[in-house]
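Each chain, written out:
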Amino acid sequence: MLGEGIIQGLMETARNFFGSYVEKERLVTVQFPEERRSLPEATRQFPFLLYDGDDPERGLRCVSCQICEKECPPRCIHIEKSKDRKPDFVGKQQFYPAVFNIDVSVCMSCQICVEVCPFDAIRMDTEFELSTSDRFGGLLWTKRELARSNEYYRQIHPTEAGECDERRAKELADAQAKAAAAAAAAAAKAAQAAAAPAAASNGAPGSGAKSEPAKKVVTQ
Ligand code: SF4
Ligand code: SF4
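Residues numbered from 1 in each chain as written. Chains lettered and ligands numbered in written order. Predicted model: local features only at pLDDT ≥ 70, side-chain atom pairs only at ≥ 80, totals over all residues.

## A short note on the overall build of the protein chain
Logical step 1: The secondary structure content of the protein chain amounts to six helices and eight strands.
Logical step 2: Ordered by position in the sequence, the α and β elements of the protein chain form the string α-β-α-β-β-β-β-α-β-β-α-β-α-α.
Logical step 3: Relative to the globule expectation of 17 Å for 220 residues, the C-alpha radius of gyration of the protein chain, 32 Å, shows a markedly less compact shape.
Logical step 4: Residues counted as buried form 15% of the 220 residues belonging to the protein chain.
Logical step 5: Long-range contacts, defined as pairs at least 24 residues apart, comprise 66% of the intrachain contacts of the protein chain with a sequence gap of at least 6. (Helix = DSSP H or I, 4+ residues; strand = E, 2+ residues; numbered from the N terminus. Rg over C-alpha atoms; globule rule 2.2 N^0.38 Å. Buried ≥ 20, exposed ≤ 12 C-beta atoms within 10 Å, placed from the backbone. Contact = placed C-beta atoms within 7 Å.)

In C-alpha cells form, the structure reads like this:
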C-alpha cells in the first residue's frame, strides 16, 4: 500500500511519545548533565598518548617516529624528537618525543593517527566536555596533558585494549625468546672458543699442533 511505511513510522513515533509517560526506557533524551548515558565503546573524540606503568614520562610508548605527524590531514600534531634514547617495552633503545603537541581545536577526530601508529602509542579518548575560554592555549595539549595510562585505556575501550595487551605480551615473549636464544648461542660460541686452545695444547687432531711425521714403509 502506498505510504504504508510512513504510517508505520508515525505509529512508532506516537507509541514512543505516549509510552514515554509511563515507560522510562522509551525516553530518548536524558536530563544532562545531571543524568548521563554510558558511551558506546567505539566512541571517539580526540587522541591521547598511552604510557605503561606509573610514570607518564618514562612509560610513554611513543618512539617519536613522526608517522602520525606526517599523516594527520589537518596537520595538528607537532613532534620534536629527543636527542638521546630510552629502552622501549621489549628493551630496544628508542627515541622519545621531547615535544608532542596536538592542537585539539584543529583535530577532526578522524583517528588516522591511531591507524598509522606502529607502536600502539596513540588512541582515541571518549572525553567530550572540553569547553574552555582559552581558544588557543587551552586547546593546545602538550604530551603531559595527552598522557593516559594503560589502565585508563582498558576502562574506556576494554575490547580493543585487551587485544592490544595480548599482542604486546606476545611480542614481548617473542623478543625475550629471541634474546635468550642469542645469549645461548653466544655462550656456546664462547665455550667453543675457550675449549680450542686447550685442545691445541693436548695435540688434538685439527688443533693446529705439530704431530709426529708418519713412518715411511719400504717394500721390497
Ligand atoms: S584524529 Fe585525525 S586530525 Fe586528530 S590528530 Fe589524529 S590524525 Fe590528526
Ligand atoms: S604516536 Fe605513534 S606514530 Fe606518532 S610519533 Fe609516536 S610512535 Fe610514531
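## Considerations on the site of ligand 2
Logical step 1: Taken together, 13 residues are adjacent to ligand 2, and Cys62, Cys65, Cys68, Cys117 and Ile122 come closest.
Logical step 2: Class assignment for the residues of the shell around ligand 2 results in 11 nonpolar, two polar and no charged. (Near = placed C-beta within 6 Å. Nonpolar A, V, L, I, M, F, W, Y, C, P; charged D, E, K, R; others polar.)

## Some words on the pairing of strand β5 (residues 97-103)
Logical step 1: The pairing of strand β2 (residues 77-81) with β5 spans five bridges and is classified as antiparallel. Opposite glutamate 80, over in β5, you have valine 99 as the bridge partner. (Pairing = 2+ DSSP bridges.)

## With respect to the sheet that holds β5
Logical step 1: Pairing is antiparallel in the open sheet, where three strands are placed in the order β2-β5-β7. The open sheet has two edge strands, β2 and β7 (140-141), and neither has a second partner.
Logical step 2: Where β5 lies against β7, two bridges are found, and the strand directions are antiparallel. Pairing of isoleucine 102 across the sheet is with tryptophan 141, part of β7.

## Observations regarding the confidence of the model for the protein chain
Logical step 1: Considering every residue of the protein chain, the mean pLDDT works out to 89; 90% of them sit at 70 or more.
Logical step 2: Per-residue pLDDT stays below 50 along residues 206-212; that stretch engages in six contacts with residues further than four places along the chain or on separate chains.
Logical step 3: Of the regions scoring below 50 in pLDDT, residues 214-220 engages in zero contacts with residues more than four places distant in sequence or in other chains. (pLDDT = per-residue confidence, 0-100.)

## Brief notes about the site of ligand 1
Logical step 1: If you check the shell around ligand 1, you find 14 residues, and the closest are Cys72, Cys107, Cys110, Ile112 and Cys113.
Logical step 2: When its residues are assigned to classes, the shell around ligand 1 shows 12 nonpolar, two polar and no charged.

## Things to note about the nonpolar core
Logical step 1: Formed by 24 residues in total, the largest nonpolar core has its most connected members in Leu49, Ile122 and Leu146.
Logical step 2: Sorting the residues of this core by element identifies β1 (47-51) and β5 as the ones contributing at least two each.
Logical step 3: Beyond its immediate chain neighbours, meaning those up to four positions away, leucine 146 contacts Phe48, Leu49, Phe100, Ile102 and Trp141. (Core = buried A, V, L, I, M, F, W, Y, C linked by C-beta atoms within 7 Å.)

## Notes on the environment of glutamine 93
Logical step 1: Tracing the backbone through its elements, the reader meets glutamine 93 in strand β4 (residues 93-94).
Logical step 2: Setting aside residues up to four positions removed in sequence, glutamine 93 forms contacts with Arg85 and Pro87.

## Brief notes about the sheet that holds strand β6 (residues 122-124)
Logical step 1: Reading across the sheet, the three strands line up as β6-β1-β8 and stay open at both edges, with mixed pairing between neighbours. Each of the sheet's edge strands pairs with one partner strand only, and the pair in question is β6 and β8 (147-149). Neighbouring strand axes in the sheet, compared pairwise and without regard to direction, differ in orientation by 50° on average. (Axes fitted to C-alpha atoms, helices over the stretch in contact; angles between N-to-C directions.)

## Here's the deal with the environment of arginine 15
Logical step 1: Tracing the chain through its elements places arginine 15 in helix α1 (residues 4-19).
Logical step 2: Remark: the alpha-carbon pair of arginine 15 and asparagine 150, spanning 135 residues in sequence, is separated by 44 Å.

## A short note on the environment of leucine 139
Logical step 1: Mapped onto the secondary structure, leucine 139 falls in the loop between β6 and β7.
Logical step 2: Considering only alpha carbons, one finds leucine 139 and aspartate 103, 36 residues apart in sequence, at a separation of 5.9 Å.
Logical step 3: Aside from chain neighbours lying at most four places away, what touches leucine 139 is Asp103, Val104, Ser105 and Thr132.

## Some thoughts on unusual backbone geometry
Logical step 1: Across the junction of phenylalanine 32 and proline 33, the peptide omega takes the value 10°, indicating a cis bond.
Logical step 2: Along the polypeptide, proline 33 turns up in the loop between α1 and β1.
Logical step 3: With phi around 55°, serine 109 is a residue other than glycine that occupies positive phi space.
Logical step 4: Topologically, serine 109 is positioned in the loop between β5 and α3 (112-116).
Logical step 5: The exposure class assigned to serine 109 is partly exposed, which follows from the 13 C-beta atoms found within 10 Å.
Logical step 6: One non-glycine residue, aspartate 120, lies in positive phi territory at about 50°.
Logical step 7: On the secondary structure map, aspartate 120 appears in the loop between α3 and β6.

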